[in-house]
Amino acid sequence: MSNTEVKSAVMSTYSRFPITVVKGKGSHVWDEAGRTYLDYTSGIATCNLGHVPDTVQEKLNKQLDLIWHCSNLYHNPNQEALAELLAENSALDKVFFCNSGAEANEAAIKLAKKYAKDKGNPERIEIVTFLDSFHGRTGSAMAATAQAKIHEGFSPITPGFRYLPYNDCDSLEQINNGKTTAVLLELVQGEGGVHPVNPSWLKQLEAVCKENDILLMIDEIQTGIGRTGSLFAYQQYDVDPDVITLAKGLASGFPIGAMLAKDNVSNSFTPGTHGSTFGGNPLATSAGLATLEVILSEPIMVNVIENSNWLFSELNRLMEYEKQIKEIRGVGFLIGIEIAGDVAEWITKFRNKGILVLAAGPKTIRILPPLTTTKEELETFVNTFQALLNETGEYTA
Ligand SMILES: *Cc1c(COP(=O)(O)O)cnc(C)c1O
């Protein structure tokens, strides 16, 4: 059933796949009819510890008995503890909590503007973002997203953004035009097709930012929380961001967002400048605390690196003789398989074999296994892919 055939009171902002998911545990979800699927979307990079992980469930259950909501007019111990854990394990100092990725980027965008004013540079009103980026769907986050298809129909688009090509050394000289206060970028463009950053371009970009007091803001909403094999992707590139944004994987599927900044930047957010009713909610931050404690204390990220290396070598092995596979890209467990033929059809074929995968752009299958996935599950994925490739035969496209 396509969305138009279903009589539903839910707005049709998504074209949904024809399954109704009612339960999840570990790497699997179950549909209404009791069918099991291997979930290699992880709820789009959100359930990084798999669905309903025991330790997070226990902590949430305890919190349910204590208090569900506490306004930000009072101190909240979970917020304090989660902020401290994030600060301790990153190069950032202070945390603002919100409820989603778009909101985390909105906070970063506001902070960058305020920072310029506070530094006596009111003419610095622009933020540079990069073609094929994705930063969210709200007003400014959508404007930051440099994809025409995301803007279509929503003019006037919020001003103050300038778009440059990603990984392009030639346009680095255009970063600073005297009006730039920040750059905002992903280190693996997730929605835009799984394109990893070029490390030497990133270093040059960082140098331009540092020379000109332009904030380096990294959107880690998809790459963060162990997804790439380190807690944050930036830690693999020898860069020192001024701001990072988090959401998706931070609380194992409980809604949360966070914007982290260096002290000298976060000082611009004084009382009254920004806020959120639900931001840092006791339930969300308890889920975040439990999630981070697991990711930091168990060999989860080591497993990601080992299993990712194995998976890349298997996929490259398939690519050697399967002309349908055009390119394998990604870092850790954020992997794009560029493929001949219609990606939507590939997603359906995988689903019919009991595996959920995603698209990233028109040509790329995106897989986001839970960080906790087992070798057996990975083998199931590879064997299923191989069987599907054999069934499809060779494209000449
Ligand atoms: C998903 C995503 C967002 C938006 O997050 P929401 O929680 O959907 O608002 C922003 N940036 C990146 C890189 C993302 O992957």
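Residues numbered from 1 in each chain as written. Predicted model: local features only at pLDDT ≥ 70, side-chain atom pairs only at ≥ 80, totals over all residues. Heavy atoms only, no water.

- An unreviewed UniProt entry annotates the protein chain as Acetylornithine aminotransferase of Oceanobacillus piezotolerans.
- As its UniProt record puts it under Pathway (unreviewed entry), the protein chain is described as follows: "Amino-acid biosynthesis; L-arginine biosynthesis; N(2)-acetyl-L-ornithine from L-glutamate: step 4/4." (UniProt positions renumbered as here; feature names shortened; annotations may be inferred.)

1. What about the overall build of the protein chain?
- Broken down by element type, the protein chain carries 12 helices and 17 strands.
- The C-alpha atoms of the protein chain give 21 Å as radius of gyration, which agrees with the globular expectation for 397 residues (21 Å, within 12%).
- With the principal axes as the frame, the protein chain shows a C-alpha extent of 65 × 55 × 45 Å.
- Expressed as a percentage of its 397 residues, the buried residues of the protein chain come to 53%.
- In the protein chain, once contacts between residues fewer than 6 apart in sequence are set aside, the share between residues at least 24 apart is 72%.
- Carbon together with sulfur atoms contributes 54% to the accessible area of the protein chain, which is approximately 17600 Å² in total.
- Between the mean site of the 33 positive side-chain charges and the mean site of the 47 negative ones, the protein chain shows a separation of 4 Å. (Helix = DSSP H or I, 4+ residues; strand = E, 2+ residues; numbered from the N terminus. Rg over C-alpha atoms; globule rule 2.2 N^0.38 Å. Buried < 20%, exposed > 50% of the residue type's maximum accessible area, 1.4 Å probe, protein only. Contact = heavy atoms within 4.5 Å. Areas by Shrake-Rupley, 256 points an atom, 1.4 Å probe, with all protein chains shown as cover. Lys, Arg positive; Asp, Glu negative; His and termini not counted. Charge placed at Lys NZ, Arg CZ, Asp CG, Glu CD.)

2. Describing the site of the ligand
- Inspection of the region around the ligand gives 13 residues, with G101, A102, D219, Q222 and K248 positioned closest.
- Between the ligand and G101 there is a distance of 2.8 Å, counted from an oxygen atom to a backbone nitrogen or oxygen.
- Within the backbone of A102, a nitrogen or oxygen atom sits 2.7 Å from an oxygen atom of the ligand.
- Its free accessible area being 380 Å², the ligand has 81% of it covered by the protein chains.
- Ranked by residues supplied to the shell around the ligand, first place goes to helix 4 (residues 101-118) with 3 residues.
- In terms of residue class, the shell around the ligand is made up of 3 nonpolar, 6 polar and 4 charged. (Near = heavy atom within 4 Å. Polar contact = N/O pair within 3.5 Å; in protein donor to acceptor, adjacent residues only side chain to side chain. Nonpolar A, V, L, I, M, F, W, Y, C, P; charged D, E, K, R; others polar.)

3. As for the pattern of salt bridges
- Applying the stated criterion across every chain yields a total of 17 salt bridges.
- Note that E293 and K59 form a salt bridge whose closest N and O atoms lie 3.7 Å from each other. Of this pair, E293 sits in helix 9 (residues 282-297) while K59 sits in helix 2 (residues 54-66); the two residues are 234 residues apart in sequence, bridging distant segments of the chain.
- A relative accessible area of 38% places E293 in the partly exposed class. (Salt bridge = Lys/Arg side-chain N within 4 Å of Asp/Glu carboxyl O.)

4. Some remarks on the UniProt feature "binding site: N(2)-acetyl-L-ornithine" (unreviewed entry) in the protein chain
- Under the local residue numbering, the UniProt record ascribes the feature "binding site: N(2)-acetyl-L-ornithine" (unreviewed entry) to R137 and S276.
- Turning to its location among the elements, R137 is positioned in the loop between strand 5 (126-130) and helix 5 (139-144).
- The exposure class of R137 is exposed, given its relative accessible area of 59%.
- Once you skip the residues sitting within four places of it in the chain, R137 turns out to touch A102, M142 and I150.
- Residue placement: S276 occurs in the loop between helix 8 (263-266) and helix 9.
- The exposure class of S276 is buried, given its relative accessible area of 17%.
- Discounting residues that sit within four places of it in the chain, S276 has contacts with N72, F96, F97, C98, N99 and E103.

5. Things to note about the UniProt feature "modified residue: N6-(pyridoxal phosphate)lysine" (unreviewed entry) in the protein chain
- Here, UniProt's "modified residue: N6-(pyridoxal phosphate)lysine" (unreviewed entry) annotation points to K248.
- Looking at the secondary structure, you find K248 in the loop between strand 11 (243-246) and strand 12 (257-261).
- A relative accessible area of 22% means that K248 is categorised as partly exposed.
- Excluding residues that lie within four positions of it along the chain, K248 makes contacts with I44, A45, T46, E191, I221, Q222 and G253.

6. Here we look at the domain arrangement of the protein chain
- Its domain assignment divides the protein chain into domain 1 (3-52 + 299-392) and domain 2 (54-297).
- Taking the mean C-alpha position of each, domain 1 and domain 2 sit 26 Å from one another.
- Summed over both sides, the interface of domain 1 with domain 2 buries roughly 2300 Å², with 61% coming from carbon and sulfur.
- Area buried by domain 1 at its contact with domain 2 is led by M301, V331 and L334, which between them contribute 26% of it.
- If you look at where domain 1 meets domain 2, you find 2 salt bridges.
- Here K25 and D54 are joined by a salt bridge, their closest N and O atoms 2.7 Å apart. (Domains from an automatic or database assignment. Buried area = accessible area lost by both parts, 1.4 Å probe.)

7. Brief notes about the sheet that holds strand 6 (residues 161-164)
- Taken in spatial order, the 7 strands of this open sheet run 4-12-11-10-7-5-6, and their pairing is mixed. What marks the edges here is a single partner per strand, and that holds for strand 4 (94-98) and strand 6. Put simply, the sheet's adjacent strands are angled 20 degrees from each other on average, direction ignored.
- Summarising the sheet, strand 11 and strand 12 pair through 4 bridges and their orientation is antiparallel. Following the sheet pairing, I244 is matched in strand 12 by L260. (Pairing = 2+ DSSP bridges. Axes fitted to C-alpha atoms, helices over the stretch in contact; angles between N-to-C directions.)

8. Description of the sheet that holds strand 16 (residues 358-360)
- On the basis of which strands lie adjacent, the open sheet formed by 4 strands has the order 13-14-17-16 and antiparallel pairing. The two strands at the open ends of the sheet, each matched to only one other strand, are strand 13 (325-331) and strand 16. Mean inter-strand twist for the sheet, computed between neighbouring axes without regard to direction, equals 30 degrees.
- Of the strand pairs in this sheet, strand 13 and strand 14 (residues 334-339) are connected by 6 bridges, and their pairing is antiparallel. Paired with V331 across the two strands is L334, which belongs to strand 14.
- The strands touched by helix 10 (residues 300-321) are strand 13, strand 14 and strand 17 (364-367); relative to strand 13, the strand with the most contacts, the crossing angle is about 170 degrees.

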